[in-house]
Amino acid sequence: MTGDIARARDLLDHATSVAVLTGAGISAESGIPTFRDALTGLWEKFRPEELATPEAFEANPKLVWDWYAWRRGVVAKAQPNAGHRALADLERQCRGHEVDFTLVTQNVDGLHREAGSQRVVELHGNIRRVKCFDRHHPVESWPEGDHVPTCPRCGSLLRPDVVWFGEAMPPEVLATAVAAARTCDVFLCVGTSTVVEPAASLPFLALDSGARVIEVNPQATPLTGRASVSLRGTAGAILPLLV
Ligand code: NAD
């Protein structure tokens with residue numbers, strides 16, 4: 001492992017453009033469950049794919065709203081961990097050496113910005129924001145209660161401002177992420193199962209464009225066999241060693 005860390009550091013030291021992709025795994029050590037182990041307690045009888053869709057919301061808005069209210073509560077109590085902080089440090093180091101840096105995240109928890117990261121592309125939105133279902137009007141505050149709140153402008157039901165399964169992400173957000181993957185020479189992939197598209201394609205796009213890929217994950221993924229360096233461990237343990 002020490003040799004692998006040294007090789008990964010060497011790749012980062014010689015990079016002229018760095019792109020990072022993070023997934024739910026980087027926030028696991030902040031106490032936010034990944035989708036694989038999200039379904040405990042109250043929510044264990046549901047699958048995220050059955051709750052995080054527009055169809056699920058239309059069929060049972062209260063169920064979906066309550067699930068997100070529970071998840072918002074978990075996120076509100078969470079703090080960035082050593083992995084988030086190391087990526088904020090990496091961005092500062094890159095900027096200091098005029099190396100391009102883009103952090104693309106699939107997470108909706110906002111912890112990268114809280115840790116000090118600046119150039120963050122949130123592919124799947126942010127759970128702390130709310131918008132209305134029909135017209136996507138952003139809404140700043142809403143009453144908590146037994147009913148799903150409604151939009152003060154158009155009366156439609158409120159929903160979290162996240163990208164659900166089956167929904168397209170904003171094209172400009174995806175374009176920024178794709179450009180970062182295509183132009184980087186080192187791509188760091190942290191805590192993602194690389195199965196949820198289109199984010200899952202980003203490291204492969206980087207590989208096809210000639211970048212070296214470093215993976216940080218306690219488990220093997222479809223990317224592992226093609227990564228230049230695969231660091232098997234948690235983000236909180238590995239990333240501070242890299243930066
Ligand atoms: P996933 O749940 O499919 O996979 C998580 C990955 O993280 C796995 O490969 C696992 O081995 C790895 N992992 C677990 N603990 C880790 C640790 N401590 N350090 C490093 N890696 C660790 O998550 P995904 O690939 O990000 O995709 C699922 C979708 O779930 C995403 O679209 C995301 O929007 C959503 N999601 C977000 C959050 C969040 O915002 N924190 C939480 C759950 C799910």
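If you're wondering where the values come from, they're calculated on a predicted model, not measured in any experiment.

What counts, and at which threshold
Residues numbered from 1 in each chain as written. Predicted model: local features only at pLDDT ≥ 70, side-chain atom pairs only at ≥ 80, totals over all residues. Heavy atoms only, no water. Near = heavy atom within 4 Å. Polar contact = N/O pair within 3.5 Å; in protein donor to acceptor, adjacent residues only side chain to side chain. Areas by Shrake-Rupley, 256 points an atom, 1.4 Å probe, with all protein chains shown as cover. Nonpolar A, V, L, I, M, F, W, Y, C, P; charged D, E, K, R; others polar. Phe/Tyr/Trp six-rings, centres within 6.5 Å; stacked < 30°, edge-to-face > 60°. Helix = DSSP H or I, 4+ residues; strand = E, 2+ residues; numbered from the N terminus. Buried < 20%, exposed > 50% of the residue type's maximum accessible area, 1.4 Å probe, protein only. Lys NZ or Arg CZ within 6 Å of the ring centre and 35° of its normal. Contact = heavy atoms within 4.5 Å. Pairing = 2+ DSSP bridges. Right-handed = clockwise from strand over helix to strand, strands pointing away. Axes fitted to C-alpha atoms, helices over the stretch in contact; angles between N-to-C directions. Parallel < 35°, antiparallel > 145°, perpendicular 65-115°, else oblique. Left-handed = near helix turned anticlockwise from the far one by under 90°.

**Focus: the site of the ligand**
And then number 1: In the vicinity of the ligand there are 26 residues, among which Ala24, Gln106, Val108, Asp109 and Asn217 approach most closely.
And then number 2: At 2.7 Å from an oxygen atom of the ligand is found a main-chain nitrogen or oxygen belonging to Ala24.
And then number 3: Measuring from a nitrogen atom of the ligand, one finds a backbone N or O atom of Ala235 at 2.9 Å.
And then number 4: Here the ligand, which alone exposes 850 Å², has 92% of that area covered by the protein.
And then number 5: Taken together, the residues that form the shell around the ligand break down as 9 nonpolar, 13 polar and 4 charged.

**With respect to the packing of aromatic side chains**
And then number 1: This structure, assessed with the given rule, holds 5 aromatic pairs.
And then number 2: Look at Tyr68 and Trp164: their rings are 6.2 Å apart centre to centre, the planes differ by 45°, and that puts the pair in the tilted class. Placement of Tyr68 in helix α4 (residues 61-77) and of Trp164 in the loop between β6 (158-162) and α7 (171-183) is noted, with a sequence separation of 96 residues between them. For the pair formed by Tyr68 and Trp164, the shared burial category is buried.
And then number 3: An aromatic cluster of three or more residues is present, and its members are Phe57, Trp67, Tyr68, Phe133 and Trp164.
And then number 4: When the ring centre of Trp65 is taken as origin, the NZ or CZ atom of Arg72, which lies over that ring, is 5.1 Å away.
And then number 5: Taking NZ or CZ as reference, Arg159 lies 3.7 Å from the ring centre of Trp164, over its face.

**Side note on the environment of Val163**
And then number 1: Looking at the secondary structure, you find Val163 in the loop between β6 and α7.
And then number 2: Val163 gets classed as partly exposed once you look at its relative accessible area, which sits at 21%.
And then number 3: Separated by 155 residues in sequence, Val163 and Ala8 have C-alpha atoms that sit 32 Å apart.
And then number 4: Residue contacts for Val163: discarding those within four places in its chain leaves Leu123, His124, Gly125, Ala168, Met169 and Pro170.

**A few points about the pairing of strand β8 (residues 212-216)**
And then number 1: Taken across its 5 residues, β8 has 4 buried, putting it largely inside the fold.
And then number 2: Sheet analysis places strand β7 (residues 186-190) next to β8, joined by 5 bridges and oriented parallel. In the strand pairing of β8, Leu188 is matched with Ile214.
And then number 3: Note on the crossover from β7 through helix α8 (residues 202-208) to β8: the handedness is right-handed.

**A short note on the packing of helix α5 (residues 82-96) against helix α9 (residues 235-242)**
And then number 1: Contact geometry for α5 and α9: axes closest at 7 Å, N-to-C directions at 25°. Of the possible angle classes, the one that applies to α5 and α9 is roughly parallel. Seen along the crossing, α5 lies across α9 with a hand that is left-handed. Contacts between α5 and α9 involve Ala82, Gly83, Ala86 and Leu87 from the first element and Ala235, Gly236, Leu239 and Pro240 from the second.
And then number 2: For the contact of α5 with α9, the per-class residue count stands at 6 nonpolar, 2 polar and no charged.

**Points about the sheet that holds strand β3 (residues 120-122)**
And then number 1: The sheet built from 6 strands is open, its strands ordered β3-β2-β1-β7-β8-β9 with parallel pairing. Single-partner strands in this sheet number two, and they are β3 and β9 (229-231). The mean inter-strand angle of the sheet, taken between neighbouring strand axes irrespective of direction, is 15°.
And then number 2: Along the sheet, α9 contacts β7, β8 and β9; its crossing angle with β7, the most-contacted strand, is approximately 155°.

**Description of α9**
And then number 1: Along α9, the positions that sit buried rather than exposed are Ala235, Gly236, Ile238, Leu239 and Leu242.
And then number 2: Of the surrounding elements, those touching the buried residues of α9 are α1 (2-13), α5, β7, β8 and β9.

**Observations concerning the side chain of Ser30**
And then number 1: Take Ser30: it is sitting in the loop between β1 (17-22) and α2 (48-51).
And then number 2: For Ser30, a relative accessible area of 13% puts it in the buried group.
And then number 3: In terms of polar contacts, Ser30 uses its side chain to reach the side chain of Asn81, at 3.0 Å.
And then number 4: In this structure Ser30 touches Ala78, Gln79, Pro80, Asn81, His84 and Leu111, once residues within four positions along its chain are discounted.

Take it as geometry only, folks, not as evidence of what the structure does.
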